[in-house]
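Residues per chain are reported as follows:
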Amino acid sequence: MNKRFIASLLCVVCTIIICVALMSGCSSSKRQSGSLDSNDSITRTEDSTAMPEIAVLETPMNMKDGNTVIVRSYGARNRLPFMVDEENRLWLWGSIFREEFDTTESSKPRVIMEDVADARVGYESIVILKTDGSVLYWDEMNDVNTMHEKREFAPEKIYEGAAKVRMDTSIPYIITPDGMLIEYYNHKLTEIMENVEDISRGTSSTLIITKDGELYVMGGNDYGQLGLGSKDYDMHREPVYVTSGVKRVAAGGSTSYFVNDDGTLYGCGINYQFQISESECEYVPEFVEIMDKVRDISASTHGLLILSEDNCLYMRGINDTCVDESIIGSDWAQAQNTKIADGVISVCAASGYGIMMKEDGKLYSWGQNYRGDLGCGSEGYYAAPTEIKFGAK
C-alpha cells in the first residue's frame, strides 16, 4: 500500500514539474519577442528587447472588394511609400517586398501593423507612432518579409507619450504634446528645442516651426540653404531664428522652403536647376518670394511640388518626380512654376515618383514603377496619375 502510494505521489510530482517547465519555457519565449513593459528602458541599447516579429497581416475583410479605405496620412521617400488609414492600419508597398514578389505583386499595398496613429519614412527606415503614444523605430528595412529574422532589423520602442513623429533620411524625430522636439540618434534621445509645432529635415538642413509660427533653422549652410543672408561651411548646431508667421516648411537637398500665413511661398539655397529663382545664380542665400496663394509644399532632392489654394499642383526645379514631358515639355529643369494637375488636396514628392490625394479622397501616383513604389501595376513608367487601390485582389 505504501509503495503504491509513494509511486502515485512521485508521478504527480513529476507531472507538476514538467508542466511548470513548459510554462516557463513559453513565458521566456514570449518575453524574448514581446513588447517592452513599464520596467524596460525606452532608449534603445544593444541588448534592448525587440518588438514582436512583424509579418504581413491578412487583408481586412472590408478591403477585399476594392478601395474602400479612408486615408488618414501617407508619404514616401526614396523607396518606402506608406499609408495609415482611418482604422489605424499601416500599409506598405514597393521594393521592400522585392525579395518575395515580382514588381506586379510588390506594388500591392499590404497591412503590416495595426493600432498605428501615424508614421514617417526615411530611405530605408520608418518611425511609427502608435495609438497609445509609443514610438517604434524600424531601421534598415531591406525586406519586410525576412528582416525580422535578424535581431538588429526588428522594430523597437524608443519612446512613450509622443504626439508626432518626423523623419529625415535615417534619423527619427519625436514631438511631445507640450512641444519638446527630441532627436533619436546613435541609440540616444536628445532634446533639441521647446515649443515646437512641426519640423522638416532635408539632406543638410532642418526647418522648425514653433507653436507661435516662428521659423528656426539648423544644419549646413554651404549653399545658403539656412536663409541667413550668406553661405558658410559651418555646421549650425543650435536653432537660429529667421522669421515669424510661418505655417508650412519643406527642406530638400540644399534647399529650404516655407509658406507664411498669407499663403506666400519663399525659398533659398542651391539654384543650379532654378529651384529658387529664374536667375542663373548658383545659390540664393536668403529667402525670396516664389509664388503666392500656396496651401502646401513638398520638396524632393532637387525639385519642389507646390499645391495652390485652388487645388492646382505645380512643380519647379529638377523633375525628380518624373512628370511626363507632354505636361512640362522637354526641359528637365523647370525655371517657372509649371502646372501639372488640378483637383489635388495634398501631395508628396519622392525620388523618381510622386503621390497625391485628389478631391475624391483617393491616392494617385505617377513616375517610375521599377520597384513597385507606385502601388499599382507592373514594372515601367506611368505618365498618367494612377489610382493606388488598397485591399484590391
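In case you missed it, the structure is sitting above this.
Computed from a predicted structure; not experimentally measured.

Enquirer: Please set out the packing of aromatic side chains residue by residue, giving values where relevant.
Expert: As enumerated under the stated definition, the model contains seven aromatic pairs in all. Consider the rings of tyrosine 216 and tyrosine 241, whose centres lie 5.6 Å apart with planes at 70°: the pair is edge-to-face. Separated by 25 residues along the polypeptide, tyrosine 216 in strand β15 (residues 215–220) and tyrosine 241 in strand β16 (residues 235–243) bring together distant segments of the chain. These aromatic residues form a ring-pair network of at least three members: Trp91, Trp93 and Phe390.

Enquirer: Outline the pairing of strand β9 (residues 164–167), supporting the account with residue identities and numerical values.
Expert: Judged from the four bridges that link them, β9 and strand β10 (residues 172–175) form a sheet pairing that is antiparallel. Paired with valine 165 across the bridge in β10 is isoleucine 174. Two successive antiparallel strands, β9 and β10, enclose a turn made up of four residues.

Enquirer: Give me the lowdown on the layout of surface pockets, citing residues and values where you can.
Expert: Considered as a void within the structure, the largest pocket measures approximately 1,200 Å³ in volume. Around the largest pocket, the lining comprises 47 residues; the ones closest to its centre are Arg120, Ile297, Ser298, Val347 and Cys348. The residue inventory of the lining of the largest pocket, partitioned by class, reads 20 nonpolar, 15 polar and 12 charged.

Enquirer: Lay out the pairing of strand β26 (residues 353–358) in plain terms, naming residues and giving numbers.
Expert: Consecutive residues of a regular strand have side chains that alternate between opposite faces of the sheet. Most of β26 is tucked away: five of the six residues are buried. As judged from the five bridges shared by strand β25 (residues 344–349) and β26, these two strands associate in the antiparallel manner. Bridge pairing in β26 links valine 347 to methionine 356. Count of turn residues in the β25/β26 antiparallel hairpin: three residues, of which glycine 352 carries a positive phi of about 95°. In this sheet, strand β27 (residues 363–368) lies alongside β26 in antiparallel orientation, the contact comprising five bridges. The residue of β27 that forms the bridge with glycine 354 is tryptophan 366. Connecting β26 to the antiparallel partner β27 that follows it, the hairpin turn spans four residues, and glycine 361 within it adopts a positive phi of roughly 85°.

Enquirer: I'd like to hear about the sheet that holds β15, residue by residue, with values.
Expert: Taking strand neighbours across the sheet as the criterion, the four strands line up as β13-β14-β15-β16 in an open arrangement whose pairing is antiparallel. Two strands in the sheet have a free side with no partner beyond their single neighbour: β13 (196–201) and β16. Strand-to-strand twist across the sheet, computed as the mean angle between neighbouring axes with direction ignored, equals 20°.

Enquirer: Account for empty space enclosed by the protein, naming residues and giving values.
Expert: Under the criterion given, the structure shown has one cavity of 30 Å³ or more. Within this model, the largest cavity holds a volume of roughly 40 Å³. If you go around the largest cavity, the residues you meet are Ser300, Gly303, Leu304, Leu305, Met315, Arg316, Ile318, Asn319, Asp320 and Thr321. Of all the elements in the fold, those that place two or more residues in the lining of the largest cavity are β22 (303–308) and β23 (312–318). Split into classes, the residues belonging to the lining of the largest cavity amount to four nonpolar, four polar and two charged.

Enquirer: Talk me through the side chain of arginine 89; I want residue IDs and the actual numbers.
Expert: For arginine 89, the position within the fold is in the loop between β2 (82–85) and β3 (90–92). Looking at arginine 89, the relative accessible area reads 10%, which means it is buried. Of note is the side chain of arginine 89, whose polar atom sits 2.8 Å from the side chain of aspartate 85.

Enquirer: Any chance you could break down unusual backbone geometry for me, citing the residues and the numbers?
Expert: Phi is positive for serine 254, which is not a glycine, with a value near 60°. Among the structural elements, serine 254 can be located in the loop between β17 (246–251) and β18 (255–260). Assessed through its relative accessible area of 13%, serine 254 is described here as buried. For phenylalanine 274, which is not glycine, the phi torsion reads 65° and is therefore positive.

Enquirer: Could you give an account of the environment of valine 249, naming the residues involved and the relevant values?
Expert: For valine 249, the location among the structural elements is in strand β17. Given a relative accessible area of 14%, valine 249 falls into the buried group. Through-space distance from the C-alpha of valine 249 to that of leucine 265 is 9.5 Å; in sequence the pair is 16 residues apart. Excluding anything up to four places from it in sequence, valine 249 contacts Ile199, Ser200, Leu207, Ile209, Leu215, Tyr257, Phe258 and Ile297.

Calculation rules
Residues numbered from 1 in each chain as written. Predicted model: local features only at pLDDT ≥ 70, side-chain atom pairs only at ≥ 80, totals over all residues. Heavy atoms only, no water. Phe/Tyr/Trp six-rings, centres within 6.5 Å; stacked < 30°, edge-to-face > 60°. Helix = DSSP H or I, 4+ residues; strand = E, 2+ residues; numbered from the N terminus. Pairing = 2+ DSSP bridges. 1 Å grid on protein atoms, 1.4 Å probe; cavity = no way out; pocket = protein on both sides within 12 Å on 5 of 7 lines; lining within 4 Å. Points joined across faces, edges and corners; volume = space filled by probe spheres on them. Nonpolar A, V, L, I, M, F, W, Y, C, P; charged D, E, K, R; others polar. Buried < 20%, exposed > 50% of the residue type's maximum accessible area, 1.4 Å probe, protein only. Axes fitted to C-alpha atoms, helices over the stretch in contact; angles between N-to-C directions. Polar contact = N/O pair within 3.5 Å; in protein donor to acceptor, adjacent residues only side chain to side chain. Contact = heavy atoms within 4.5 Å.

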